[in-house]
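Structural overview for review
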Amino acid sequence: MQYKKSYIYPSLFSLWDKYVRIHCLLNNIKLRNQEVLVFTYFCIDGIRDETYQFMIANNVVKEKQIIDNAKCSLVKKGLIKKTASTKWEVIEPFKSAKIDDTLILMIQCLKKKS
């Protein structure tokens, strides 16, 4: 049996937000809404000064400290890692995800062997 359903989302951010939330749900990772918001922008634009500036300039967050706090929490939860002395990046599968205007998910459910 196959179940297919299509949803229309208004923006690239909405698609990434859904992807982040589904990944966290399936992997039992609990994120606050602020952390989801910051992580979604990091997935789209990377962890760089321009992303920080964009979030502050567009009133996504009020100040840099909020982003830094979310980033620290995301590191603890294993969603962000340090790759060089000053370089940070999101983990796989977010790093290599190619979400431009379509997000396709396939979930396989298996019965536990007794």
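Refer to the preceding data block for the structure.
Structural notes, computed from the coordinates. Owing to the predicted nature of the structure, the values given are computational and were not obtained by experimental measurement.

Right, let's talk about the state of the cysteines for a bit. By the definition in use, this model includes zero disulfides. With no disulfide partner, Cys-24 has as its closest neighbouring cysteine sulfur the one in Cys-43, 9.0 Å distant. The class of Cys-24 is buried, set by a relative accessible area of 5%.

When the terminal C-alpha atoms of helix H4 (residues 64-76) are compared, their 19 Å separation across 13 residues agrees well with the 18 Å that a helix rising 1.5 Å per residue should span. Residues Ile-67, Ala-70, Lys-71, Ser-73 and Leu-74 constitute the buried set of H4. All buried residues of H4 lie within an arc of 165° about the axis, which places them on one face of the element. The first or second residue beyond H4 is Gly-78, which carries a positive phi of 80°.

With 15 residues, helix H1 (residues 12-26) extends 21 Å from end C-alpha to end C-alpha; this agrees with the ideal 21 Å at 1.5 Å per step. Burial in H1 covers these residues: Ser-14, Leu-15, Trp-16, Asp-17, Tyr-19, Val-20, His-23 and Cys-24. Against helix H2 (33-45) lie the buried residues of H1. Following H1 by one or two positions, Asn-28 adopts a phi angle in the positive range, close to 55°.

Bringing the pattern of salt bridges into the picture now. By the definition in use, this model includes six salt bridges. Across the pair Glu-35 and Lys-77 runs a salt bridge, and its minimum N-O distance is 3.1 Å. You can see Glu-35 sitting in helix H2 and its partner Lys-77 sitting in the loop between H4 and strand E1 (80-82), a full 42 residues away along the chain. What makes Lys-77 partly exposed here is its relative accessible area of 31%. In this structure, Lys-64 and Asp-68 form a salt bridge, with 2.8 Å as the shortest nitrogen-oxygen distance. Within this pair, Lys-64 and its partner Asp-68 are both found in helix H4, separated by four residues, close to a single helical turn. Owing to a relative accessible area of 23%, Asp-68 belongs among the partly exposed residues under this scheme. Three or more residues are tied together by salt bridges with common partners; here these are Arg-32, Glu-35 and Lys-77.

A few words now on the side chain of Ser-73. Note on placement: Ser-73 falls in helix H4. Owing to a relative accessible area of 13%, Ser-73 belongs among the buried residues under this scheme. At a separation of 2.5 Å, a polar atom in the side chain of Ser-73 contacts the side chain of Glu-35.

Time to look at unusual backbone geometry. Residues Glu-92 and Pro-93 are joined by a peptide bond in cis, for which omega reads 10°. Within the secondary structure layout, Pro-93 lies in the segment after strand E2 (88-90). One non-glycine residue, Asn-28, lies in positive phi territory at about 55°. Secondary-structure assignment places Asn-28 in the loop between H1 and H2.

Cut-offs used in this document
- Per-chain numbering applies: the sequence of each chain, read as written, is numbered from 1 onward.
- Where local features are concerned, this predicted model is filtered to residues with pLDDT of at least 70; where side-chain atom pairs are given and counted, the filter is 80 or more; whole-chain, interface and lining totals use all residues.
- Remark: hydrogens and water are excluded; side-chain values derive from all non-hydrogen atoms of the structure.
- A pair of sulfur atoms, both from cysteines and within 2.5 Å, is called a disulfide here.
- Think of it in three bands: with a 1.4 Å probe and only protein chains considered, a residue is buried below 20% of the maximum accessible area for its type, exposed above 50%, and partly exposed in between.
- Secondary structure elements are taken from DSSP: a helix is a run of H or I of four residues or more, a strand is a run of E of two residues or more, and numbering for both begins at the N terminus.
- Every helix has an expected span of 1.5 Å times one less than the residues it contains.
- Working note: the arc is built from the helix axis to C-beta atom directions.
- Whether two residues touch is decided by their heavy atoms; if any such pair falls within 4.5 Å, the residues are in contact.
- By definition here, a salt bridge exists when the distance from a side-chain nitrogen of Lys or Arg to a carboxyl oxygen of Asp or Glu is within 4 Å.
- Within 3.5 Å is the distance limit for a polar contact, defined as a pair of N or O atoms, with the added protein rule that one can donate a hydrogen and the other accept it, and that residues adjacent in sequence qualify only through two side-chain atoms.

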